[in-house]
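Read off the chains here:
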Amino acid sequence: IVFSGNGPSGICLSYLLSGYTPYFKRHSLHPHPILQRKLEEAPEVSVLDQDLEYLSEGLEGRSHSPVALLFDTLQRPDTDFGGTAESVLTWWHEPDRAIPHLVLGRNAPGGAWHSIEGSMVTLSKGEWMGLPDLPFKEWLKQKKRGLKNNRATAEDIAQYYQHYVVKKGLQKNFRCGTVVTSVRKVSAESISNHTQKDLQEDRDPVWSSHEKSAEVFQVDGFFKTVGGDKEPFSIYAENVVLATGTYDNPTWLGVKGENLSYVHHQLSALEEAVKSNSVGIMTDPVLIVGAGLTAADAILFAHHCNIPVIHVFRRRVTDPGLIFNQLPKTMYPEYHKVHQMMKEQTAACAGPYEHYISLPEHHVLSFGKDKKCIFQDKNGCQKAYKISMALVLTGSNPNLSFLPNNGTDLALDSEQPVNPKRNPIDVDPFTYECTQERGLYALGPLAGDNFVRFVQGGALAVASSLLKKANQNPP
């Protein structure tokens with residue numbers, strides 16, 4: 001089994017495929033009485049071997065995935081109600097149940113968490129960032145650190161994921177510095193005489209014998225050596241798991257001048273500009289486009305550095321779909337502040353916040369070579385502003401260029417590109433296997449699970465499915 005992507009989804013799945021097996025902890029009490037009764041029916045049978053559809057039936061919460069809700073409530077029984085009840089799971093290491101697998105990733109284990117500005121604070125509560133059987137809070141305590149407002153920094157999380165892989169002995173399954181360029185189905189016969197060039201050096205092969213299946217996946221890519229060379233590889237696997245996340249490919253507006261050098265699509269560009277003193281209190285304003293949390297982080301960063309900002313977004317400030325209208329004020333005071341600025345500081349009426357102008361229900365028409373940007377409001381009226389740089393922070397899309405047709409054929413709407421919120425990959429909700437391609441699985445944002453807390457249920461579903469396929473389940 002090969003999986004592409006070594007973020008939290010990939011790490012959690014590797015843990016479950018390495019023989020770490022969850023059982024219901026005897027004498028523990030789950031606050032959901034129906035689930036408690038179901039768990040008591042067969043405590044000697046691992047959760048991986050039980051009927052996940054039956055166990056998750058009737059659960060409700062902040063995810064649309066039944067298995068995500070199940071695994072989350074087993075690990076954090078009453079967390080949504082502010083409770084601190086212990087997990088009702090106990091973990092046993094059963095090496096004979098391990099399934100050989102390889103986790104391919106560009107960065108160190110933790111995926112995109114290594115690309116995020118280290119001091120950024122997470123949206124989710126710190127304890128929701130943890131992986132099975134190693135609570136994030138406990139790890140933080142060992143570092144003699146606490147959680148600020150119950151939340152953690154990106155740097156802490158990236159370090160925790162790396163530590164988790166080492167602590168649980170998963171390193172042998174991880175190949176960092178790898179880039180996958182192609183995943184396609186080939187007939188097993190055509191490769192029966194082909195010598196596999198693998199990444200395992202002289203260890204045991206990491207894929208099952210492919211004689212069992214008429215077709216297998218060929219995974220091609222290259223491995224970046226210490227010297228900076230690219231070493232190509234080809235691996236054959238009966239099952240491939242896509243866990244690449246969505247951080248790679250920022251969304252573009254598709255307007256004239258967007259490719260000019262002063263227009264950027266990542267928050268890091270603002271941090272670099274501040275370090276090099278190319279923006280500051282005396283320069284023309286920075287344009288920030290978007291009304292999500294990354295745009296809010298950029299506004300907070302600019303505000304902290306006294307950099308003037310023009311903030312453009314398409315929605316109304318009171319739109320219930322706006323993320324700020326869904327966050328509790330007490331837990332997210334800084335995002336509540338941005339939302340207040342958006343409401344009170346429009347171009348039409350000066351408010352209490354210096355160096356900030358909000359333009360709700362506007363969109364960008366064009367970027368000029370002279371750094372003049374033209375906006376249009378909902379009534380068709382146009383405005384022009386001179387800016388120092390632009391940050392277009394309107395979300396990101398997965399980079400699935402290694403799949404035939406960029407993976408579009410796998411999406412819920414096969415006419416549109418894969419998008420984690422609007423058009424995820426179509427998967428079976430209890431196995432996470434792609435409905436259009438057997439043997440191919442999708443995890444995390446690709447399957448519509450956008451929070452670390454909920455991607456783990458997908459890993460449980462995939463592991464359960466692969467164990468059943470491998471006939472390693474006890475009777």
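Residues numbered from 1 in each chain as written. Predicted model: local features only at pLDDT ≥ 70, side-chain atom pairs only at ≥ 80, totals over all residues. Heavy atoms only, no water.

### Section: the sheet that holds strand 8 (residues 230-237)
- One open sheet accounts for three strands, arranged 6-7-8; its pairing is antiparallel. Here the strands that pair on one side only, and so sit at the sheet edges, are strand 6 (178-187) and strand 8. With direction set aside, neighbouring strand axes in the sheet form an average angle of 20°. (Pairing = 2+ DSSP bridges. Helix = DSSP H or I, 4+ residues; strand = E, 2+ residues; numbered from the N terminus. Axes fitted to C-alpha atoms, helices over the stretch in contact; angles between N-to-C directions.)

### Points about the pairing of strand 18 (residues 389-392)
- On strand 18, burial covers both faces: M389 and L391 on one face and A390 and V392 on the other are all buried.
- The pairing of strand 11 (residues 263-264) with strand 18 spans two bridges and is parallel. Each bridged residue has a counterpart across the sheet, and for H264 the counterpart in strand 18 is L391.
- As defined by bridge partners, strand 12 (residues 286-289) adjoins strand 18 across four bridges and the pair is classed as parallel. The residue of strand 18 that forms the bridge with V286 is M389. (Buried < 20%, exposed > 50% of the residue type's maximum accessible area, 1.4 Å probe, protein only.)

### Side note on helix 10 (residues 333-344)
- The end-to-end C-alpha distance of helix 10 is 16 Å, a good match for the 16 Å that 12 residues give at a rise of 1.5 Å each.
- Regarding helix 10, the residues found buried are Y335, V338, H339, M341 and M342. Buried residues of helix 10, seen end-on, are gathered within an arc of 155° and therefore sit on one face of the element.
- Contacts from the buried residues of helix 10 go to helix 9 (293-304), strand 13 (309-312) and strand 14 (356-359). (Expected span 1.5 Å × (residues − 1). Arc of directions from axis to C-beta. Contact = heavy atoms within 4.5 Å.)

### Here we look at the environment of D284
- Looking at the secondary structure, you find D284 in the loop between helix 8 (268-275) and strand 12.
- Sequence separation of D284 and Y385 is 101 residues, and the distance between their C-alpha atoms is 9.2 Å.
- Ignoring any residue separated from it by four or fewer positions in sequence, one finds D284 in contact with P308, K386, I387 and S388.

### Things to note about unusual backbone geometry
- For D133, which is not glycine, the phi dihedral falls at a positive 65°.
- Taking the relative accessible area as the measure of exposure, D133 reaches 40% and is therefore partly exposed.

### Description of the packing of aromatic side chains
- Using the criterion set out here, one finds eight aromatic pairs in the structure.
- Residues Y15 and W91 carry aromatic rings whose centres are separated by 5.2 Å and whose planes lie at 55° to one another, so their mutual orientation is tilted. Placement of Y15 in helix 1 (residues 8-17) and of W91 in strand 3 (residues 89-93) is noted, with a sequence separation of 76 residues between them.
- Residue class for Y15 comes out buried when judged on its relative accessible area of 0%.
- On the basis of relative accessibility, which here comes to 14%, the residue W91 falls in the buried class.
- Aromatic pair Y160 and Y164: ring centres 6.2 Å apart, planes at 55°, arrangement tilted. Separated by four residues within a single helix, Y160 and Y164 lie in helix 6 (residues 154-167), roughly one turn from each other. Y164 shares its class with Y160; the two are buried.
- Pairwise contacts between aromatic rings join Y15, Y20, F71, W91, Y160, Y161 and Y164 into one cluster.
- Against the face of Y54 rests K38, its NZ or CZ located 4.7 Å from the ring centre.
- Directly above the ring of F222 sits K230, whose terminal nitrogen or CZ lies 4.7 Å from the centroid. (Phe/Tyr/Trp six-rings, centres within 6.5 Å; stacked < 30°, edge-to-face > 60°. Lys NZ or Arg CZ within 6 Å of the ring centre and 35° of its normal.)

### Digging into the sheet that holds strand 11
- Read from one edge to the other, the open sheet built from five strands follows the order 11-18-12-13-14, with strand pairing classed as parallel. Pairing within the sheet leaves two strands with one partner each, and these edge strands are strand 11 and strand 14.
- Both strand 12 and strand 13 contribute to a ladder of four bridges, which runs parallel. By the bridge assignment, L287 is partnered in strand 13 with I310.
- Where helix 8 meets the sheet, it contacts strand 11, strand 12 and strand 18, and its direction lies at approximately 155° from that of strand 18.

### Notes on helix 4 (residues 66-75)
- Buried residues dominate helix 4, accounting for nine of its 10 residues.
- For helix 4, the set of buried residues is V67, A68, L69, L70, F71, D72, T73, L74 and Q75.
- Residues of helix 4 that are buried make contact with helix 1, helix 2 (33-41), helix 3 (52-56), strand 3 and helix 11 (452-469).

### Brief notes about the packing of helix 8 against helix 9
- Close contact between helix 8 and helix 9 brings their axes to 10 Å; oriented N to C, the two are set at 15°. By the angle between their axes, helix 8 is roughly parallel relative to helix 9. Both helix 8 and helix 9 take part in a crossing whose hand is right-handed. Taken together, the residues of helix 9 that come into contact with helix 8 (itself represented by L270, E271 and V274) are A298, F301 and A302.
- The class makeup of the residues in the contact of helix 8 with helix 9 is five nonpolar, no polar and one charged. (Parallel < 35°, antiparallel > 145°, perpendicular 65-115°, else oblique. Left-handed = near helix turned anticlockwise from the far one by under 90°. Nonpolar A, V, L, I, M, F, W, Y, C, P; charged D, E, K, R; others polar.)

### Quick word on the side chain of S46
- Locating S46 in the fold gives a position in the loop between helix 2 and helix 3.
- Polar contacts involving the side chain of S46 include one to the main-chain amide nitrogen of L48, which spans 2.9 Å.
- With residues up to four places along the chain from it excluded, the contact list for S46 reads T21, P22, Y23 and R97. (Polar contact = N/O pair within 3.5 Å; in protein donor to acceptor, adjacent residues only side chain to side chain.)

### Side note on the environment of L446
- Among the secondary structure elements, L446 is positioned in the loop between strand 20 (440-442) and helix 11.
- Exposure remark for L446: the relative accessible area of 1% places this residue in the buried category.
- Taking the C-alpha atoms as reference points, L446 and I425, 21 residues apart in sequence, are found 5.9 Å from one another.
- For L446, the residues in contact, after removing those within four places along its chain, are L242, A243, T244, G245, P398, L400, P424 and I425.

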